[in-house]
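Chain residues, written in single-letter form:
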Amino acid sequence: MTESIHPSRRTVVTALGAAGFVALPVWPEAARAADGTGVAAANGPVLDTHPATEPSGTLVRDLGGTNVVFQYGTVLPAFDGWRTHEPTREYLSLDRKWRFCFDPADQGLGEGRQSAHHDDRAWDLIDVPAAWDLLNTPGFGSETTPFGKGTAFSDGYAWYRTTVDVPGSWRARHVRIAFLAVGYSAEVWLDGTYLGKHEGANSPFALPVAGALRPGTRQTIAVRVFRRASYTDYTAATPQPVTDDHEVPYKPVDYWPYAGLTRSAWIEAVPQVTIAKLLVVAENGRLEARAVVENHGTADFDGRLTLDPGRGSGGRPTVVAARIAARSAGVVRVSVGIPDAPRWSPALPRTLTARATLAAGRSSGPRVDTLSSGYGVRELTVGDAQLRLNNEPLFLKGLNWHEETAAHGRAMTPAEYDRELGHITALGANLIRNCVYNRHPYVYDWADAHGVTVMDDIDTMWLNTAQEKLQTERYGLARAQALTMAWNQHNHPSVILWGLQNESEIDADGAPVYRAWLADLKAAVKSVDLTARPVTWASNTSNDPAFDLADVIGFNEYFGYFYGKDSDLGPTLDAVHAKYPDKPILITENGTWSVAGDHGPSTTQGMEEWQAASFTAHWAQAAERSEFVAGFTYWVLKDYKQRAGYNQSYNGISVMGLLTFAEERPKLVYDAFRKAVNPRS
């Protein structure tokens, strides 16, 4: 090898009848998308505009003892409509061909591209879901294609448009447009009426359409998508980064920022009185459920809610009163014994399904709405330097994994998910770290069903002190991502750790900014997680001054590669344990690189043998300290695409994986991992 490869581093109604409501606010309140257009620097790329605070207005409200997440003036709803259609609701899929047009000079608003009357017949067509990176970038997955060519490098604004025939039956319905992900930000119009803006490439969101909907007519949905350029010139010898203090991440990072409507979208019409979200906790033989109910109607609702804990639980459907004032949201609490419910574990990943049914009237009356949720019975605890699942020590054999394929980018198909995630179980791993963003809901369902635990992450990678301070004190996007992560993944038994950040800057003199930021993110997830999952993060140092705030200490280490020797890991783990004797430690990243097919001595960097030997040395030091080390997470399952200036002679492909990027061919380290984590196999 002649090149030195630089890899990534990287209010409430209870069963007792106690009522407390919160009125549904008129959207927008204080937060809204900024007026005006993007600002272009002289001879530079367009930057997006930002309001005073993050544009979805994410906040938590205490509804009689249950903290509920709101966005756009309504409860952040369940996003199961991508796979489960409730019988009381109507759905209109938006997964189809859309009209598509780039807008590099940010002229679209002035031209009226958001209007129903705009002529888009000359526009191109694009699939939804899809990443526009793959629209016209030949050789995207090849290591030999020249870097910097094609729509993969088209940044700034682009427009999507489609038409929908709105059923006349939706006149008495609450209707929302749901997107599982849009990268990086999205502004949405219906027939020219502005619905709202969302920021963050990997979080689902739902926009209410009241006031813009015209049932019985054909209407136009327009979406303006923005992606900040990573560099002013991708082919320059010394590329200059493009930054935006408000965005998360605020600067170029080492994974590919796929752009466009990258996951499914749909329109969902629900009853005026609807179950927006069902939160469940299953442990110690009981199912505790909290149904978050919205009443969008003008009359108070006086009815009942039935919770069925599901087949195999041994529990019986339980009915409680549900009273929700007009134009308000409340919570209905239900507690059900589930004496026969099996426990969920990696060895036996048994799941059940709970269903909440809302009906009118105290004793009889028609069904109004239903909402179901999968769940699993498990007890997760931290203490005495160990992570325990169902009272047994749990040692995490983990893999970091980027959600992408050479064929579809981040808009992966179910078959691609099954193939890639199948390597997790084939290798004998029991943990996925979602570095460093939320995944498609398919991944959490898959992990529940296959007994693989999950460390969920948000996009807070490589923030500097200025951005940490901005997010904590004013903008609040990092907090919004933490809240929505915990809210959306709440019921998944596979999710066992909340990750707060990755390798962000630590200020001096006791790190007051860094500590305040982490405390804010921790408080956010703890405020809505009824199961009290532990929090951790992927620190860039084993001397992190905020480790006292973590439930599980997590840090990335690259001994023997970027610094020190492979053998330094053991003494480092011992030193951290001595300082925090009651906290378990998780290696959130460790890895090296090799180009597939390059073979040689295990002491020569870049050889497959070197990569395998390095992994084996690090794994052994972590595993032999399992009395206080909770696990080891390898970087990374598969080679992945980068934009941050790394490996451009290899078309931006990081070669740190167990598998190659396009062919997904195993390297020597693949078998080394499988043998290390399953020594008896």
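Quick note: structure is the one above.
In this text the structure is predicted, and so the values were computed from the model without any measurement. (Residues numbered from 1 in each chain as written. Predicted model: local features only at pLDDT ≥ 70, side-chain atom pairs only at ≥ 80, totals over all residues. Heavy atoms only, no water.)

## A few points about the overall build of the protein
Basically, it comes down to this: Helix and strand assignments come from DSSP, with helices taken as H or I runs of at least 4 residues and strands as E runs of at least 2, each series counted from the N terminus. Burial classes: relative accessible area under 20% of the type maximum marks a residue as buried, over 50% as exposed, and values in between as partly exposed (1.4 Å probe, protein chains only). For accessible areas, the Shrake-Rupley method is used with a probe of radius 1.4 Å. Any residue's cover is judged against the shown protein chains and nothing else. Only four residue types enter the charge count, namely Lys and Arg as positive and Asp and Glu as negative; His and the chain termini do not. By convention, the charge on Lys lies at NZ, on Arg at CZ, on Asp at CG and on Glu at CD.
Of regular secondary structure, the protein possesses nine helices and 36 strands. By its C-alpha atoms, the protein is 75 × 60 × 50 Å across when sized along the principal axes. When burial is assessed residue by residue, the protein has 62% of its 681 residues classed as buried. Of the roughly 23400 Å² that the protein leaves accessible, carbon and sulfur atoms contribute 51%. On the protein, the mean spot of the 64 positive side-chain charges and the mean spot of the 77 negative ones are 6 Å from each other.

## Concerning empty space enclosed by the protein
Short version of the rule: Think of a 1 Å grid over just the protein atoms. A cavity is a set of points where a 1.4 Å probe fits yet cannot get out, a pocket is an open set with protein on both sides within 12 Å along at least five of seven lines, and lining residues have an atom within 4 Å of a point. Grid points are joined across faces, edges and corners, and a volume is the space filled by probe spheres set on the points. Charged means Asp, Glu, Lys or Arg here, nonpolar means Ala, Val, Leu, Ile, Met, Phe, Trp, Tyr, Cys or Pro, and polar covers whatever is left, Gly included.
If you add up the space inside the largest cavity, you get close to 270 Å³. In terms of lining residues, the largest cavity is bounded by 19 residues, among which Tyr 184, Arg 228, Pro 249, Val 253 and Pro 257 are the most central. For the lining of the largest cavity, the per-class residue count stands at nine nonpolar, four polar and six charged. Taken together, Glu 54, Ser 56, Thr 58, Gln 71, His 198, Glu 199, Ser 203, Pro 204, Leu 477, Ala 480, Gln 481 and Thr 484 make up the full set of residues lining the second largest cavity. At the level of secondary structure, the elements contributing two or more residues to the lining of the second largest cavity comprise strand S13 (193-199) and helix H5 (477-488).

## Considerations on the sheet that holds strand S14 (residues 205-208)
As a reminder, the rule being used: Two strands pair under a simple rule: DSSP has to find at least two bridges between them. Simply put, an axis is a line fit to the C-alpha atoms, just over the touching stretch for a helix, and the angle between two N-to-C directions goes from 0 to 180 degrees.
Strand order across the open sheet formed by four strands is S7-S16-S11-S14, with antiparallel pairing between neighbours. A strand with exactly one partner marks an edge of an open sheet, and here the two such strands are strand S7 (90-93) and S14. The mean inter-strand angle of the sheet, taken between neighbouring strand axes irrespective of direction, is 25°. Both strand S11 (residues 173-179) and S14 contribute to a ladder of four bridges, which runs antiparallel. Within the sheet, the bridge partner assigned to Phe 179 lies in S14 and is Phe 205.

## Considering the packing of aromatic side chains
Under the convention used in this document: Planes of paired rings set the category: under 30 degrees apart is stacked, over 60 is edge-to-face and the rest tilted, where pairs are Phe, Tyr or Trp rings (Trp by its six-membered ring) whose centres lie within 6.5 Å. For a lysine, the NZ atom is tested; for an arginine, the CZ atom; a charge sits over a ring if that atom is within 6 Å of the ring centre and within 35 degrees of the ring normal.
Counted by the stated rule, this structure contains 34 aromatic pairs. Judged by centre distance (5.0 Å) and plane angle (20°), the ring pair of Phe 179 and Phe 205 falls under stacked. With Phe 179 in strand S11 and Phe 205 in strand S14, the pair connects residues that are 26 residues apart, well separated along the chain. Classification of Phe 179 as buried rests on a relative accessible area of 1%. A relative accessible area of 0% means that Phe 205 is categorised as buried. When the centroid spacing of 6.2 Å and the interplanar angle of 75° are considered together, the rings of Trp 593 and Trp 610 count as edge-to-face. One end of the pair, Trp 593, is in the loop between strand S33 (585-589) and helix H8 (608-623); the other, Trp 610, is in helix H8, with 17 residues separating them in the sequence. An identical accessibility class is assigned to Trp 593 and Trp 610; each is buried. Put simply, the rings of Phe 140, Phe 147, Phe 153, Tyr 231, Tyr 234, Trp 256 and Tyr 258 pair up and form one aromatic cluster. Across the ring face of Tyr 437, the terminal group of Arg 410 is positioned such that the distance to the ring centre comes to 4.2 Å. Above the plane of the ring of Trp 256 lies Arg 643, whose end atom (NZ or CZ) is 5.1 Å from the centre.

## Section: the pattern of salt bridges
So the rule is basically this: In what follows, salt bridge is the name for a side-chain nitrogen of Lys or Arg lying within 4 Å of a carboxyl oxygen of Asp or Glu.
Under the counting rule described, the total for this entry stands at 40 salt bridges. Of the charged contacts in the structure, one is a salt bridge between Lys 197 and Asp 48, with a shortest N-O distance of 2.8 Å. Of this pair, Lys 197 sits in strand S13 while Asp 48 sits in the loop between strand S3 (46-47) and strand S4 (59-63), and the two are 149 residues apart along the sequence. The pair Lys 197 / Asp 48 is uniform in exposure class, with both members buried.

## Looking at the layout of surface pockets
Roughly 470 Å³ of internal volume is contained in the second largest pocket. For the lining of the second largest pocket, the secondary-structure elements that each account for two or more residues are strand S17 (273-283), strand S22 (352-360), strand S23 (367-375) and helix H3 (441-450). Classifying every residue of the lining of the second largest pocket by side-chain character gives 13 nonpolar, 10 polar and seven charged.

## So, the environment of Gln 386
For clarity, the cut-off: Residue contacts are counted whenever heavy atoms from the two residues lie within 4.5 Å of one another. In protein, a polar contact means a hydrogen-donor-capable atom and an acceptor-capable atom, both N or O and within 3.5 Å, with residues adjacent in sequence counting only if both atoms are side-chain atoms; elsewhere, any N or O pair within 3.5 Å suffices.
Looking at where Gln 386 falls in the secondary structure, it is placed in strand S25 (residues 386-389). Classification of Gln 386 as buried rests on a relative accessible area of 16%. It is 36 Å that separates the C-alpha atoms of Gln 386 and Phe 205, two residues lying 181 residues apart in sequence. In contact with Gln 386, not counting residues within four places along its chain, are Thr 381, Pro 393, Pro 584, Ser 626 and Glu 627. Side-chain polar atoms of Gln 386 contact the side chain of Arg 388, separated by 3.3 Å.

## As for the side chain of Asp 254
For Asp 254, the position within the fold is in the loop between strand S15 (218-227) and strand S16 (265-271). At a separation of 3.2 Å, a polar atom in the side chain of Asp 254 contacts the side chain of Tyr 640.

## Comments concerning helix H7 (residues 569-579)
In an α-helix, one turn spans 3.6 residues, which is why side chains three or four residues apart end up on the same side. Just so we agree on the cut-off: Here the arc refers to the directions that run from the helix axis out to each C-beta atom.
When H7 is considered as a whole, its buried residues turn out to be Leu 569, Gly 570, Thr 572, Leu 573 and Val 576. An end-on view of H7 places all buried positions within 160° of arc, on one side of the element. In H7, the exposed positions angled more than 90 degrees off the buried face are occupied by Pro 571, Ala 578 and Lys 579. Against strand S32 (553-556), S33, H8 and strand S34 (629-634) lie the buried residues of H7.

## Digging into the sheet that holds strand S30 (residues 495-502)
Taken in spatial order, the eight strands make up an open sheet running S31-S30-S29-S28-S27-S34-S33-S32, and their pairing is parallel. Unpaired on one side and paired on the other, strand S31 (535-538) and S32 mark the two borders of the sheet. Averaged over neighbouring strand pairs, the angle between their axes works out to 25° when direction is ignored. In this structure, S30 lies alongside S31, joined through three bridges in parallel fashion. Across the sheet, Trp 498 pairs through a bridge with Val 535, a residue of S31. Taken strand by strand, H7 contacts S32, S33 and S34, and its axis lies near 135° from that of S33.

By themselves, these figures tell us nothing about what the structure is for.
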